[in-house]
Amino acid sequence: MPHKIGFVVVSSSGHEDGFSARELMIHAPTVSGWRSPRFCQFPQEIVLQMVERCRIRKLQLLAHQYMIPSKVEFYISESLPEYFTPYQAERFRRLGYVSLCDNEKTGCKARELKSVYVDAVGQFLKLIFHQNHVNKYNVYNQVALVAVNIIGDPADFGDETNITSREKLIDHYLGHNTEDPALEGTCSGKSDYISPLDDLAFDMYQDPEVAQIIRRLDERKREAVQKERYDCAKKLKQAIADLQKVGERLGRYEVEKRCAVEKEDYDLAKEKKQQMERFRSRVYEQLQLHELVDAELMRRPLDLPLQPLACPSSPHHQPPMHSLPQPEERVTENRLADPFLQEKPSSHCLDVSSQRPTVDRPPPATDPPPKTHPESLPYDERPLPVTRKQLGAAVSEAERRDMLGDEARRADAAGEPEPLTEKALREASSAVDVLGEALVAGAYSKTWSHREDALLTLHKQLADTPVGTPKEDLKSMLRAAVFLVRRAIRDIVTPVFQASLKLLKMIITQYIPKHKLGRLETAHCVERTIPVLLTRTGDSSARLRVMASNFIQEIALFKEVKSLQVIPSYLVQPLKANSSTHLAMSQMALLARLLRDLGTEGAGFTVDSVMRFSVQALEHRVREVREAAVGMILDLYAQHRALVLEYLPPDDSATRRNVLYKTIFEGFAKIDGRPTDAEMRAQKRAAAEEAEKRKKEEIKALQGQLAALKEMQAGVQEKESEATKAKNQDTQERKVARPNAPEIPDNHYLDNLCIFCGERSESFTEEGLDLHYWKHCLMLTRCEHCRQVVEISSLTEHLLTECDRKDGFGRCYRCSEAVSKEELPRHVKTRDCNPAKSEKLANRCPLCHENFSPGEEAWKAHLMGPAGCTMNLRRTHVLHKTPVLPPGKGPAATRAGTSGSKVGSKIPTPKGGLSKISSRTYTKR
């Protein structure tokens, strides 16, 4: 049968002063274990030599609460390798590794017990410790190991078990079951059974002297079972269970005594020592009274010193050096325990009771329950608190279930909650010490009414706590209550859930302020319960979801909780991809409500955290979550416009292909008072239709004017035909006298006239006007994109509605001009343009981007006047060219040279032609 294997420490890579690796050879509540040097190099290693060559079945490591290695590797060897002659000696063989958690969930206040099942033969075991987990307590980057335990068989033990004995054959044919739990651990039991007394958790929380007595009693119990003395075995079993409680209490007293010595509080240390002596004497008196142990088994600690886990004959054995426990390992108890052993004349077993009420346990049933495999023990892979109580650890799982079954039946008959299981006792040991086992058993009951009653009783108990109670007692009660509240919040029964919320609200709003416990205790309550409450906001029951969400919002607005800024930090944590729809929607809704209530100034929420959360939520798989994220971004943009834009992609056509971003940017436009894309397209269509309508009306009006002029011209010609002949001679004389001033008949007013700039010239024939429009007219310009001649006053509308490249332009909402869509975002963002005014108040020049007085005449003054537009290239060309007169020539020669040289040349008609522009005469002055 596998059992605990003793070992000695052969070597280690180093240690901190006072924390040698030889501390690992001792298993007791007050040991501190091994620590690596400060700022050491990794990996660190320890080599252990077992007392004999054995087959290792189980390895156990008890890690430190904050000096935690990220990984521990195991190596085994038959003999110790000679490192200086590696080719002549055996090397270590690697078994594997285990990873240790970083302990962040417990706030570095619990130790992790790691159990590893292996099957390897050897005598030397090497442990290699890798880089430590980083936390705020481990300032020197150390790793530590509190204890290590090796369980196995002698190397040749397995050969004997393969021989089928005559007794086993007889049992087989008689139908006896060798797997009987009553025989478990005996020579006729299962060969791979590991006793709970060999578990590391047993020694680390038991008084060493009591632990040795328990092991002796366990041996006697197995002997009694083999000899079928079941009454004696039953009595020994009960004594073992009671002695475990005694050993745990003595272990706590020993730790408290060590802490008092470190603080130099020698009065308290003396009191603890005397209390231990009295308590131990009473226990031993009852043991002798019931003739359970011999007197020689109960020697005093001076006669029975604490021994390391090595055989006395081992050449490597050295006396261990005791070290004081570290501050994080100290345990204090608020009240000194009263003597609690009482003798019952009607019973021969030891009765152990504490300050808390207990339920009398009847003897186990005759028929044993089914066999439970050792690997299913709940404490194998669970973190162990620094001060964990293991009540009844020596009782096998089968016996425990047997007792609990009878107790549950008795509790149901009496209307009381069933007793706590071993797992529950370990989990709620701290709460049991403070609140009592009866109250905690009610909170753990399988009947929901008992759970509700326990919470309501605790509510009344905390509310009635007097003001003068010591602070340490108040804090202990608060933390025990928070532990039960956290468990009750997960309850699926609505009344229990409501009772937990009621209790938590009372603690935060009444209990803590009443006793002035401070921010630290409030933070403890919130940090321990809010994560669990947030998970309940994703419950399948709509009623529970609403209750949880409303409660979180309510306590977040409390003055005591609001100043902590804890709840906002939980709400802005990114949504998990596999989170339920209800949970994601509840978190989004709760965040939106609290954001409106608390804002982003000094309440825990920041623009950075909320925007990061919202942008990540835009990619969630649930449509409702994405829509809620859009609404949250729009609400935040109304308050912090510039900061919000930093977390979003640029507003361009590629981004707007995403419907969500298109919705976001259109929402921004509405908040800014700008037209959206749809509104801008509608405005463009309306403007294009209006321009086309106005253009048609202008053409129609011009055609009517031309027709009226032609009719007037025909009438005048008929009336003056005779007068023309009589005055023909006089007219010729006047032409000779003034050859450069031709007469302008009234019936040819529109001939040789530019209808845009109003200038008249003899060179303004049909081709001359085309040349004038194409190059010289100060009111016209050529479009750089389609080469069409347009009026300068309508250049913006041309680029937006008529130009061949109109799709590449957009209107700036600030200056109302046409800007390339590629440059439009930068143009809008810089805000350097001159704002435009209403058309009724001013005209807007697309060349110099200036506003001037409204009206058609104002356009002529701006484009043609001496102090007009400086960006009109045709005007600046004329101003530079006019003062330069060739010597010996007058103004008449200048005018002839300006237009006469190109009148007869063929000017190609530009794209689109000039057929739409009416001809007017132009006069050069």
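Before reading further, recall that the structure is shown in the block above.
Residues numbered from 1 in each chain as written. Predicted model: local features only at pLDDT ≥ 70, side-chain atom pairs only at ≥ 80, totals over all residues. Heavy atoms only, no water.

Caption draft 1: Region of interest: the overall build of the protein. Secondary structure summary: the protein contains 32 helices and 15 strands in total. For the protein, buried positions account for 44% of its 925 residues. Sequence separation of at least 24 residues holds for 69% of the intrachain contacts in the protein that already meet a minimum separation of 6. As displayed, the protein offers around 49,700 Å² of accessible surface, 51% of which is attributable to carbon and sulfur atoms. (Helix = DSSP H or I, 4+ residues; strand = E, 2+ residues; numbered from the N terminus. Buried < 20%, exposed > 50% of the residue type's maximum accessible area, 1.4 Å probe, protein only. Contact = heavy atoms within 4.5 Å. Areas by Shrake-Rupley, 256 points an atom, 1.4 Å probe, with all protein chains shown as cover.)

Caption draft 2: Structural view of a negative patch on the surface. Together, Glu690, Glu697, Glu698, Glu791, Glu856 and Glu857 line one region of the surface with negative charge. Going through the elements one at a time, α24 (677–719) and α30 (856–864) are the ones with two or more residues in the negative patch. Examining the composition of the negative patch, we find that three residues originate from one element, α24, more than from any other. Checked against the element boundaries, Glu791 lands in strand β11 (residues 789–791). A relative accessible area of 32% places Glu791 in the partly exposed class. (Patch = residues over 30% accessible without salt bridge, like charges linked within 9 Å, V, L, I, M, F, W, Y side chains within 5 Å. Salt bridge = Lys/Arg side-chain N within 4 Å of Asp/Glu carboxyl O. Lys, Arg positive; Asp, Glu negative; His and termini not counted. Charge placed at Lys NZ, Arg CZ, Asp CG, Glu CD.)

Caption draft 3: Highlighting unusual backbone geometry. A cis amide bond, omega 5°, links Phe42 with the succeeding residue Pro43. Inspection of the secondary structure assignment puts Pro43 in the loop between β3 (34–35) and β4 (44–63). Positive phi values are uncommon outside glycine, yet Arg787 reaches one of about 60°. As for its position among the elements, Arg787 is in the loop between β10 (780–782) and β11. In this structure Arg787 comes out as partly exposed when scored by relative accessible area, which is 40%.

Caption draft 4: Focus on helix α18 (residues 581–598). The end-to-end C-alpha distance of α18, which contains 18 residues, comes to 25 Å, matching closely the 26 Å that a straight helix rising 1.5 Å per residue would cover. Turning to α18, its buried residues number three or more, namely Ala584, Ser586, Gln587, Met588, Leu590, Leu591, Ala592, Leu594, Leu595 and Leu598. On its buried face, α18 is in contact with α14 (519–536), α15 (542–556), α16 (559–562), α17 (567–571), α19 (607–617) and α20 (623–637). Just downstream of α18, Gly599 is the residue with a positive phi angle, here 75°. (Expected span 1.5 Å × (residues − 1).)

Caption draft 5: Broad picture of the side chain of Thr655. Counting through the fold element by element, Thr655 comes out in helix α22 (residues 653–656). Polar contacts involving the side chain of Thr655 include one to the main-chain carbonyl oxygen of Pro650, which spans 2.8 Å. Discounting chain neighbours no more than four positions away, the residues touching Thr655 are Pro649, Pro650, Tyr661 and Phe665. (Polar contact = N/O pair within 3.5 Å; in protein donor to acceptor, adjacent residues only side chain to side chain.)

Caption draft 6: Seen up close, the pattern of salt bridges. Applying the stated criterion across every chain yields a total of 30 salt bridges. A salt bridge links Arg55 to Asp119; its shortest N-O distance comes to 2.9 Å. With Arg55 in strand β4 and Asp119 in strand β7 (residues 110–129), the pair connects residues that are 64 residues apart, well separated along the chain. For Asp119, a relative accessible area of 55% translates into the label exposed.

Caption draft 7: Expanded view of the nonpolar core. Counting residues in each nonpolar core, the largest one holds 93 residues, and the members touching the most others are Leu533 and Ile567. In this structure, Ile567 is in contact with Val526, Ile530, Ile552, Ile555, Ala556, Val561 and Leu594, ignoring residues within four places of it in sequence. Listed in part, the 31 residues of the second largest apolar core include Val9, Trp34, Cys54 and Val98. (Core = buried A, V, L, I, M, F, W, Y, C linked by side-chain atoms within 4.5 Å.)

Caption draft 8: Quick peek at a nonpolar patch on the surface. Residues Phe39, Val139 and Tyr140 make up a contiguous nonpolar surface patch of roughly 300 Å² in combined accessible area. Relative to the helices and strands, Val139 resides in the loop between β7 and β8 (144–154).

Caption draft 9: Spotlight on the environment of Gln498. Here Gln498 shows up in helix α13 (residues 494–515). We classify Gln498 as partly exposed; its relative accessible area is 33%. In sequence terms Gln498 and Ala548 are 50 residues apart; their C-alpha atoms lie 9.4 Å from each other.

Caption draft 10: View of a positive patch on the surface. On the surface, Lys662, Arg681, Arg685 and Lys821 cluster together into a positively charged patch. Position of Arg685 among the secondary structure elements: in helix α24.

Caption draft 11: Molecular detail of the environment of Ala542. Residue placement: Ala542 occurs in helix α15. Once the C-alpha coordinates of Ala542 and His582 are considered, the two residues, 40 residues apart in sequence, prove to be 8.9 Å apart.

Caption draft 12: Structural view of the side chain of His515. Of note, His515 is situated in helix α13. With relative accessibility at 3%, the residue His515 sits in the buried group. Look past the residues within four positions of His515 in its chain and what remains in contact with it is Thr465, Pro466, Val467, Lys471 and Leu474.

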